[in-house]
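The lines below spell out each chain.
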Amino acid sequence: MTVQLSDCVEFLAGDHTSLRELLHPGKQDLKLGYSLAHGRLAPGKRSKWHRLASSEVYYFLGGTGLFLIDQESRPVGAGSVVYVPPQATQSLSNTGTDEIEFLCLVDPAWRPEDEEICE
């Protein structure tokens, strides 16, 4: 199976990042235990505080920002990888002048009932 980013519908996620689901076992005939999405966040914007029942791994493709997990903050940019444990409260702030672009792997696969927006 091959997926093109341009063929995936972009939507505003509950945390207010722009997402495109690339791979999701509940929406495609795939034998995966995880889902993979491409995300974007505009300069000066911040995602809403949220938490997932699943673990997440973010890989940053471009831009610069600050990733907040519970009480810790971490600078992120192209090449950064961030692990978010299940039930950790998180938010991403774009502190740069360019859009932040990232891939997000959610394991097990993202489900609406597993996400809580905290603000």
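See the structure printed just above.
So, here is what we can say about the structure in this document. Note that the structure is a prediction, hence the values are computed from the model and not measured.

Another aspect to go through is the overall build of the protein chain. In terms of regular secondary structure, the protein chain is built from zero helices and 11 strands. Put simply, the protein chain runs from its N terminus to its C terminus through helices and strands in the order β-β-β-β-β-β-β-β-β-β-β. Computed over the C-alpha atoms, the radius of gyration of the protein chain is 14 Å, within 12% of the 14 Å expected from 2.2 N^0.38 for a compact globule of 119 residues. Seen through its principal axes, the protein chain has C-alpha atoms that stretch 40 × 30 × 25 Å. For the protein chain, the residues scored as buried account for 39% of the 119 residues in total. Long-range pairs, those at least 24 residues apart, make up 64% of the contacts in the protein chain with a sequence separation of at least 6. Looking at the protein chain as shown, the accessible area adds up to about 6,500 Å², and 52% of this sits on carbon and sulfur atoms. Placing the 10 positive and 17 negative side-chain charges of the protein chain at their respective mean positions leaves the two points 3 Å apart.

About the thresholds
Residues numbered from 1 in each chain as written. Predicted model: local features only at pLDDT ≥ 70, side-chain atom pairs only at ≥ 80, totals over all residues. Heavy atoms only, no water. Helix = DSSP H or I, 4+ residues; strand = E, 2+ residues; numbered from the N terminus. Rg over C-alpha atoms; globule rule 2.2 N^0.38 Å. Buried < 20%, exposed > 50% of the residue type's maximum accessible area, 1.4 Å probe, protein only. Contact = heavy atoms within 4.5 Å. Areas by Shrake-Rupley, 256 points an atom, 1.4 Å probe, with all protein chains shown as cover. Lys, Arg positive; Asp, Glu negative; His and termini not counted. Charge placed at Lys NZ, Arg CZ, Asp CG, Glu CD.

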